[in-house]
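Here are the chains, one letter per residue:
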Amino acid sequence: MAKPKIAFFDFASCEGCQIEFTNFGDAATLELLNHVEIVEFREAMTETTTGRIDIALIEGSFTREADRVRLQQIRHRAKYVIAYGACACTGGINALKNHQDDFAEYVYGGDARMPHLRSGTAQPISAAIKVDYEVKGCPMSKDELLLVISNLLHGTEHVIPTYPVCVECKRRETICRYDEGDHCMGQVARAGCGAPCPADGIPCEACRGFVDDANLPALEKVLMERAGFSQKRAVGKSRMFTANLRS
Amino acid sequence: MGYLYLEEKDFAAFVDALIAAKRVVGPTAKRNKFVYEQLASADELRLDFDVTILPPKKVFFPPAQDIVRFGEQAIEGCIAPVDTVLLGVHFYDVKGIDMTDYLFRERKEDWNYLAQREATTVVASNIQAISPRAFWDSVGAEVKPKGHDAFLTKLAGGCVLETLTPKGEALAAFGAFRDATADEINAAQQTNDSVMGQCSEKLGYTSEAIAAKVRDSFDNEELWDELAMDCFSCGSCNTVCPTCYCFDVKDAWNLNQVSGSRTRYWDACLTREFAAVTMAGGDKENFRERHQSRFRHRFMRKTAYLNEKLGGPACTGCGRCSQACTVNIADPVRVITAIMEVGS
Amino acid sequence: MSDDLRAAHENIFLPREARILHTARPTASEKHFTLQMADGEPLDYVPGQILEVGVMGYGEIPIGLASSPTRKGSFDIVVRTVGRVSTAINSKEVGDSLWVRGPLGHGFDLDSLKGQDVLIVAGGIGLCPTRSLIQYILDRRDEFGRFLLFYGARDPLQLLFTEDRVEWRASKEIDYHETVDRADVTWTGNVGVITTLFHKTTHLDPNTRVVICGPPVMFEFVIKELDQLGIARENIFVDLERRMKCGVGKCGHCQINDKYCCIDGPVFTFAAIQELEEAI
């Protein structure tokens with residue numbers, strides 16, 4: 001059987017998820033290449049393709065109507081579409097602009113009218129085309145992407161945990177951010193990343209989105225009572241990666 | 001079995017001799033907290049710890065443990081115990097280990113746990129510092145700490161080692177021990193007695209009274225709704241508990257996509273899909289759908305369901321759940337007291 | 001670790017290989033497997049017991065044995081495609097292997113059924129574990145009194161074991177009734193929920209032993225009928241479904257109060273569980 005062909009595509013994003021993929025290291029990547037053939041990968045190779053592909057990995061959010069055609073073409077050529085990274089799965093950080101209109105002036109000052117800054121709302125890839133699998137996170141979890149691909153190669157689906165990040169922090173015996181006088185959103189953030197941030201002393205920002213039935217009133221309460229946030233900051237805090245999921 | 005004495009100046013040499021011969025796991029400092037880790041030298045050992053983030057069960061029942069490995073055709077188990085000394089276990093955690101020993105042994109022996117358990121010498125130690133959330137002196141008094149091999153009590157100028165099993169006696173060969181005097185044995189007893197009653201949190205009811213009242217409160221939906229209102233279903237209270245032993249099992253392939261492993265992971269009954277079953281059409285039947293019923297299930301498990309098997313409640317009063325719960329609703333003292341006060 | 005120690009310390013999670021001798025597709029979503037242990041050892045089980053059945057790399061799931069130990073040489077299971085593991089199992093064909101652990105759990109208490117009238121009430125895929133008992137009773141017919149079977153499915157396309165049902169309908173050894181919730185043009189039989197079948201047969205002796213297996217929603221209505229007939233709850237046996245992940249009473253997922261569904265059950269008397277919170 002021919003090796004499945006994999007291609008990487010990017011839309012509105014920092015391309016950090018492609019970089020993260022290259023962080024697998026040589027040994028793991030070479031082993032993976034025994035099972036798949038990478039036919040397009042802008043961060044790592046010059047070749048591109050217009051032929052059929054088995055797995056299209058799409059990074060970045062869908063922000064302009066012109067991108068819809070390109071996405072549809074990818075969908076048409078690909079057997080499976082995997083949206084990877086927060087931008088592709090939910091709109092990610094980019095979606096923060098959906099709730100504001102002064103960001104261009106704020107960021108670019110006098111250059112705010114550059115034509116390429118004229119884009120629409122930031123939406124997930126699934127707003128334009130059917131997405132078969134998602135690998136969440138900012139950056140995406142490379143181990144999870146590997147699991148998704150591994151399961152696809154075996155004709156099945158990787159099951160993403162439905163529990164929050166606290167489970168993974170506790171399993172690796174990380175000191176709770178709250179016990180160090182910090183804040184954290186691990187109680188409501190979807191796990192599967194292995195909780196690397198709190199282990200490095202950084203609060204969880206819920207880059208993989210929230211678990212279902214997230215207890216947000218309790219989150220606001222704990223952010224105010226234990227981390228000393230104002231109510232406004234407590235409410236706004238959780239929006240960084242979930243702007244498209246919140247009103 | 002008996003009482004031995006080791007001068008303080010000889011203690012580090014004793015620990016280092018053990019480290020040279022076996023894997024030695026003990027409490028070590030992790031910034032402002034303590035964790036059980038394999039010791040590289042005696043000076044890492046912190047017997048003045050108050051409580052560790054995770055209980056010592058992780059030595060026998062790691063957070064992730066392969067239980068079967070598979071290749072293209074063959075499969076094999078992976079029970080591979082390592083000769084270990086677990087040095088520095090407070091009496092409440094000795095109780096916890098004894099409970100998981102029972103639970104992994106009852107009816108179907110699980111050698112994925114028991115093999116490492118049997119290969120481990122458990123050395124208890126006296127409590128030198130008390131965690132602010134602990135209440136081990138007011139819970140489950142009827143459950144006696146047992147199953148450990150030796151008990152180490154630090155005194156001024158040295159320590160008394162009470163050996164309780166042949167494994168415990170074998171420790172003597174690693175240090176310059178001599179027989180303890182009657183005064184030293186008495187001093188050790190007094191040292192251990194003196195910490196009782198010192199916890200700042202207290203449970204003011206007997207285990208029987210608690211079990212009966214908690215069971216009776218099962219249908220008091222209003223009470224559980226209120227107690228669990230802020231619950232995140234994050235499972236932190238389960239994950240840090242010395243008597244929680246639930247696990248999930250997952251398979252994964254290695255990078256070569258041919259071989260792989262079946263691995264068990266600590267699971268938590270507070271998490272949303274713990275009791276969910278996939279039904280026809282991919283729908284889920286969740287036997288504990290609401291977070292209130294999962295919260296209630298935990299308290300039933302800790303105060304009532306297992307009491308007959310374990311001879312008392314499945315709570316040792318370590319206070320880890322109280323500490324781990326960011327919204328401070330998991331504290332057994334607070335919850336049990338609230339339940340006991342209903343209607344009184 | 002020495003080989004001696006390894007042998008002494010049996011790993012309760014180590015599955016055994018079972019070869020697929022025969023398969024059938026009774027419905028669009030179910031697959032019926034006839035299996036044999038690869039080492040040739042017979043499977044020594046009681047009707048109502050379960051197997052953990054899996055494919056390495058995909059996982060394992062609890063499945064009730066669907067054949068009787070009286071029929072030697074092979075054993076049957078029926079797997080419905082619902083998730084990751086069941087899909088992997090149902091992709092296997094004759095000559096392939098499945099990896100199984102068991103038999104596990106507490107099956108039907110045959111001693112308390114023997115010499116008595118027996119009614120089996122099976123809904124949907126609940127017929128699979130009870131088929132083990134049905135075959136057992138038919139193979140040892142003299143040891144039991146009157147034998148009735150009520151079977152209900154959502155619609156005619158969901159009905160399992162066509163050949164068995166033809167045999168049961170024709171047999172004098174079994175008083176068999178079936179129903180569907182929704183009929184189609186081909187259906188000439190009874191239409192309605194399973195409890196409508198209680199009115200299709202002659203009066204049941206209050207001493208009858210009753211076995212219920214089906215979706216959780218079915219229990220309540222069947223128990224109500226049995227109460228009216230004066231059947232004691234000690235004589236009602238229910239086969240419960242839970243997330244029996246490990247199958248050996250360790251992992252905690254199937255726990256109901258202080259019972260483990262996988263090891264104390266899956267068959268319980270209704271009397272034993274009616275007071276257990278969250279059981280039904």
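In this text, all values refer to a predicted model and were calculated from it rather than measured experimentally. (Residues numbered from 1 in each chain as written. Chains lettered and ligands numbered in written order. Predicted model: local features only at pLDDT ≥ 70, side-chain atom pairs only at ≥ 80, totals over all residues. Heavy atoms only, no water.)

## Things to note about the state of the cysteines
Scanning the model with the defined rule gives zero disulfides over all chains in all. The thiol sulfur of Cys193 of chain A is not disulfide-bonded, and the nearest other cysteine sulfur, from Cys204 of chain A, lies at 6.4 Å. The exposure class assigned to Cys193 of chain A is partly exposed, which follows from its relative accessible area of 29%. With no disulfide of its own, Cys128 of chain C has Cys213 of chain C as its nearest cysteine by sulfur position, at a separation of 8.5 Å. (Disulfide = S-S within 2.5 Å. Buried < 20%, exposed > 50% of the residue type's maximum accessible area, 1.4 Å probe, protein only.)

## Notes on the sheet that holds strand β4 (residues 64-70) of chain B
Residue and element names in this part refer to chain B. Pairing in this open sheet of four strands is antiparallel, and the strands run β5-β4-β12-β11 from one edge to the other. Both edges of this open sheet fall to β5 (75-77) and β11 (247-253), since each of them pairs with a single strand only. Each strand of the sheet is rotated relative to its neighbour by a mean of 30 degrees, with strand direction disregarded. As paired strands, β11 and strand β12 (residues 260-266) are joined by seven bridges and run antiparallel to one another. Note on β12: the bridge partner recorded for Trp253 is Gly260. (Pairing = 2+ DSSP bridges. Helix = DSSP H or I, 4+ residues; strand = E, 2+ residues; numbered from the N terminus. Axes fitted to C-alpha atoms, helices over the stretch in contact; angles between N-to-C directions.)

## Looking at helix α6 (residues 207-216) of chain B
All names here are of chain B. Restricting attention to buried positions, one finds in α6 the residues Ser207, Ile210, Ala211 and Val214. In an axial view of α6, the angular spread of the buried residues amounts to 100 degrees, which keeps them on one side of the axis. Seen from the open side of α6, the exposed residues pointing more than 90 degrees away from its buried face are Glu208 and Asp216. Packed against the buried residues of α6 are α7 (221-227), α9 (291-305), α10 (307-310) and α12 (332-341). (Arc of directions from axis to C-beta. Contact = heavy atoms within 4.5 Å.)

## Quick look at the nonpolar core
In terms of nonpolar packing, the biggest core is built from 100 residues, with Ile212 and Leu226 of chain C touching the most fellow members. In this structure Leu226 of chain C touches Leu119, Phe198, Val210, Ile212, Ile231 and Ile236 of chain C, once residues within four positions along its chain are discounted. Counting residues in each nonpolar core, the second largest holds 56 residues, with Ala191 of chain A together with Trp224, Val335 and Met340 of chain B among its members. (Core = buried A, V, L, I, M, F, W, Y, C linked by side-chain atoms within 4.5 Å.)

## Side note on the domain arrangement of chain C
Residues and elements named next belong to chain C. Partitioning chain C into domains gives domain 1 (3-104) and domain 2 (110-239). Of note, the centres of domain 1 and domain 2, computed from C-alpha atoms alone, are 25 Å apart. Contacts between domain 1 and domain 2 engage 19 residues on the former and 16 residues on the latter. Taken over both partners, the interface formed by domain 1 and domain 2 buries close to 1500 Å², and the fraction arising from carbon and sulfur atoms is 55%. When the buried surface of domain 1 facing domain 2 is broken down by residue, Pro47, Thr70 and Arg71 rank first, second and third, together holding 30% of it. There are two salt bridges connecting domain 1 and domain 2. Residue Asp139 pairs with Arg71 through a salt bridge whose shortest N-O separation is 2.9 Å. Secondary structure elements with two or more residues in the side of domain 1 that touches domain 2: β2 (30-37) and β5 (75-80). Counting residues per element, the side of domain 1 that touches domain 2 draws most heavily on β5, which supplies three residues. Its residues assigned to classes, the side of domain 1 that touches domain 2 shows eight nonpolar, seven polar and four charged. (Domains from an automatic or database assignment. Buried area = accessible area lost by both parts, 1.4 Å probe. Salt bridge = Lys/Arg side-chain N within 4 Å of Asp/Glu carboxyl O. Nonpolar A, V, L, I, M, F, W, Y, C, P; charged D, E, K, R; others polar.)

## Overview of the packing of aromatic side chains
Evaluated as defined, the whole model comprises 26 aromatic pairs over all chains. With centroids separated by 4.0 Å and ring planes inclined at 15 degrees, the aromatic side chains of Phe8 of chain A and Phe41 of chain A adopt a geometry described as stacked. With Phe8 of chain A in strand β1 (residues 5-10) and Phe41 of chain A in the loop between β2 (37-40) and β3 (53-59), the pair connects residues that are 33 residues apart, well separated along the chain. Both residues of the pair, Phe8 of chain A and Phe41 of chain A, belong to the buried class. Here Phe21 of chain A and Phe41 of chain A contribute two aromatic rings whose centre-to-centre distance is 5.5 Å and whose plane-to-plane angle is 80 degrees, an arrangement assigned as edge-to-face. Taken as a pair, Phe21 of chain A in helix α1 (residues 16-22) and Phe41 of chain A in the loop between β2 and β3 lie far apart in primary sequence, 20 residues in all. Taken together, the ring pairs in this structure connect Phe60, Phe61, Phe104, Tyr113, Tyr245, Phe247 and Trp266 of chain B together with Phe13 of chain C into an aromatic cluster. Just above the ring of Phe60 of chain B sits the side chain of Arg117 of chain B; from NZ or CZ to the centre is 5.3 Å. When the ring centre of Phe299 of chain B is taken as origin, the NZ or CZ atom of Arg298 of chain B, which lies over that ring, is 4.9 Å away. (Phe/Tyr/Trp six-rings, centres within 6.5 Å; stacked < 30°, edge-to-face > 60°. Lys NZ or Arg CZ within 6 Å of the ring centre and 35° of its normal.)

## With respect to the pattern of salt bridges
Here the structure, examined in full by the defined rule, presents 54 salt bridges over all chains. Where Glu173 of chain C meets Arg141 of chain C, a salt bridge forms, and the shortest distance between an N and an O atom there is 3.5 Å. Here Glu173 of chain C is found in the loop between α5 (162-170) and β9 (175-180), whereas its partner Arg141 of chain C is found in the loop between α4 (127-139) and β8 (147-153), with 32 residues between them in sequence. Glu173 of chain C sits in the partly exposed class, given a relative accessible area of 40%. With relative accessibility at 16%, the residue Arg141 of chain C sits in the buried group. What emerges from the salt-bridge pattern is a single network uniting Arg190, Asp212 and Asp213 of chain A together with Arg272 and Glu273 of chain B.

## Quick look at the domain arrangement of chain A
Residue and element names in this part refer to chain A. Taken domain by domain, chain A holds domain 1 (5-153) and domain 2 (165-245). Each of domain 1 and domain 2 was reduced to a C-alpha centroid, and the two centroids are 25 Å apart. If you look at the interface, domain 1 gives 17 residues, while domain 2 gives 10 residues. Across the domain 1 to domain 2 interface the summed buried area is about 1100 Å²; carbon plus sulfur atoms make up 58%. By the criterion of area lost to domain 2, the three top residues of domain 1 are Thr90, His99 and Lys136, representing 37% of everything that side buries. Viewed at the interface, domain 2 and domain 1 are joined by one salt bridge.

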